[in-house]
Amino acid sequence: MKLPAAPFDTRTALSGGPARQCLPSPTAGWAALTSPEKEEHSSRPECGEQAARPGELFLDDSKMKNFITCFKDPQFLVTFFSRLRPNRSGRYEASFPFLSLCGRERNFLRCDDRPVVFTHLLAAGPGPPRLSYCGGGEALAVPFEPARLVPLADNGRLYHPAPERAGGVGLVRSALAFELSACFEYAPGATALPSHVRWQGRRLALTMDLVPLLLAAPQP
């Protein structure tokens, strides 16, 4: 990604239109909303990007957030999310908890839940299954660990381990979570949370080891 020489608005610079000053160059404000079935419109003056549907990325000030307007270029998404880390830059930390670096360019990111959203289970081929996240296909994927799936009763969402640099835990997209929920088993008399998962002929106890990490993480 080539860095423009002058201050720019991510929205116009990426579309080839005239750039206007937004954040001081070489910084760009980005944002992500990753809760299922939730869409919000930012009123912040900074420019940026926003994922209003799980795993999709949009410009922060986009008025319409749907599949047509989201960023879909795999190379761009891989570059952005592979460099994601907590924002400890001293700038915009409260509004943008995550940061993606590209050379001298600093891309600030916010999210409604977790910045990593798992969208597809890659089970084809001779290797072990992998979970792909944020539109990156094979290039953005982690080994699938079914025993470490974490269903939370508080919000009805499903989580899975993610790269440490991106917070260590990611949200499983609703459609994929629904498919995986068919593999859960519940203890006698228990209806809220499953105790085991069946995967490839094996019955695995859910470790729930990610729960402390989820509860400790401050919500943006």
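A quick note: this is a predicted structure, and the numbers were derived from the prediction, not measured.

**Some thoughts on the overall build of the chain**
In step 1: Of the regular secondary structure elements, the chain holds 4 helices and 15 strands.
In step 2: For the chain, with 220 residues in total, the buried portion stands at 47%.
In step 3: Considering only contacts in the chain between residues 6 or more positions apart, those separated by 24 or more positions represent 44%.
In step 4: By element, 56% of the accessible surface of the chain is carried by carbon and sulfur atoms, the whole surface being about 11000 Å².

**Topic: the confidence of the model for the chain**
In step 1: Model confidence for the chain is summarised by a mean pLDDT of 75, while 67% of its residues fall at 70 or above.
In step 2: Contacts from residues 1-26, a stretch scored under 50 in pLDDT, to residues over four places away or in other chains number 54 contacts.
In step 3: Considering only residues more than four positions removed or in separate chains, one finds that residues 33-52, a stretch of pLDDT under 50, has 93 contacts.

**A few points about the pattern of salt bridges**
In step 1: By the definition in use, this model includes 5 salt bridges.
In step 2: Between D209 and R148 there is a salt bridge, with the nearest N and O atoms lying 2.6 Å from each other. You can see D209 sitting in the loop between β15 (202-205) and α4 (211-216) and its partner R148 sitting in the loop between β9 (141-143) and β10 (150-151), a full 61 residues away along the chain.
In step 3: Residue classification places R148 among the partly exposed residues on the basis of a relative accessible area of 24%.
In step 4: A salt bridge links E185 to R198, with the shortest nitrogen-to-oxygen separation between them at 2.3 Å. Remark: R198 occurs in strand β14 (residues 196-199) and E185 occurs in strand β13 (residues 184-185); sequence separation between them is 13 residues.
In step 5: A network of salt bridges, in which partner residues are shared, links E145, R148 and D209.

**Some details on the pairing of strand β11 (residues 158-161)**
In step 1: Note: β10 against β11, 2 bridges, orientation antiparallel. Across the sheet, P151 pairs through a bridge with L158, a residue of β11.
In step 2: Between β10 and β11, which pair antiparallel one after the other, the connecting turn spans 6 residues, and G156 there sits at a positive phi close to 70 degrees.
In step 3: When β11 meets strand β12 (residues 169-172), the two strands line up antiparallel, connected through 3 bridges. When the sheet's bridge partners are listed, Y159 is paired in β12 with L171.

**As for the side chain of T79**
In step 1: Checked against the element boundaries, T79 lands in helix α2 (residues 74-82).
In step 2: A polar contact is formed between the side chain of T79 and the backbone oxygen of Q75, at a distance of 2.9 Å.

**What to know about helix α3 (residues 174-181)**
In step 1: Within the span of α3, buried status applies to L176, A177 and L180. All buried residues of α3 fall inside an arc of 100 degrees around its axis, so they share one side. Facing away from the buried surface of α3 by more than 90 degrees, the exposed residues are A175, F178 and E179.
In step 2: Taken together, the buried residues of α3 touch β7 (117-122), β8 (130-133), β11, β12, β13 and β14.

**Concerning the nonpolar core**
In step 1: Core analysis: the biggest nonpolar cluster contains 32 residues, and F81, F118, Y133 and L180 have the highest contact counts within it.
In step 2: When residues of this core are traced back to their parent elements, those giving at least two are α2, β8, α3 and β14.
In step 3: When residues of this core are assigned to their parent elements, the largest contribution, 4 residues, is made by α2.
In step 4: Apart from the residues lying within four places of it in its own chain, the contact partners of F81 are L57, P115, Y133, C134, L140 and R165.
In step 5: Counting 8 residues, the second-largest nonpolar core is a separate cluster that includes L152, V169, V211 and L214.

The rules behind each value
- Residues numbered from 1 in each chain as written.
- Predicted model: local features only at pLDDT ≥ 70, side-chain atom pairs only at ≥ 80, totals over all residues.
- Heavy atoms only, no water.
- Helix = DSSP H or I, 4+ residues; strand = E, 2+ residues; numbered from the N terminus.
- Buried < 20%, exposed > 50% of the residue type's maximum accessible area, 1.4 Å probe, protein only.
- Contact = heavy atoms within 4.5 Å.
- Areas by Shrake-Rupley, 256 points an atom, 1.4 Å probe, with all protein chains shown as cover.
- pLDDT = per-residue confidence, 0-100.
- Salt bridge = Lys/Arg side-chain N within 4 Å of Asp/Glu carboxyl O.
- Pairing = 2+ DSSP bridges.
- Polar contact = N/O pair within 3.5 Å; in protein donor to acceptor, adjacent residues only side chain to side chain.
- Arc of directions from axis to C-beta.
- Core = buried A, V, L, I, M, F, W, Y, C linked by side-chain atoms within 4.5 Å.

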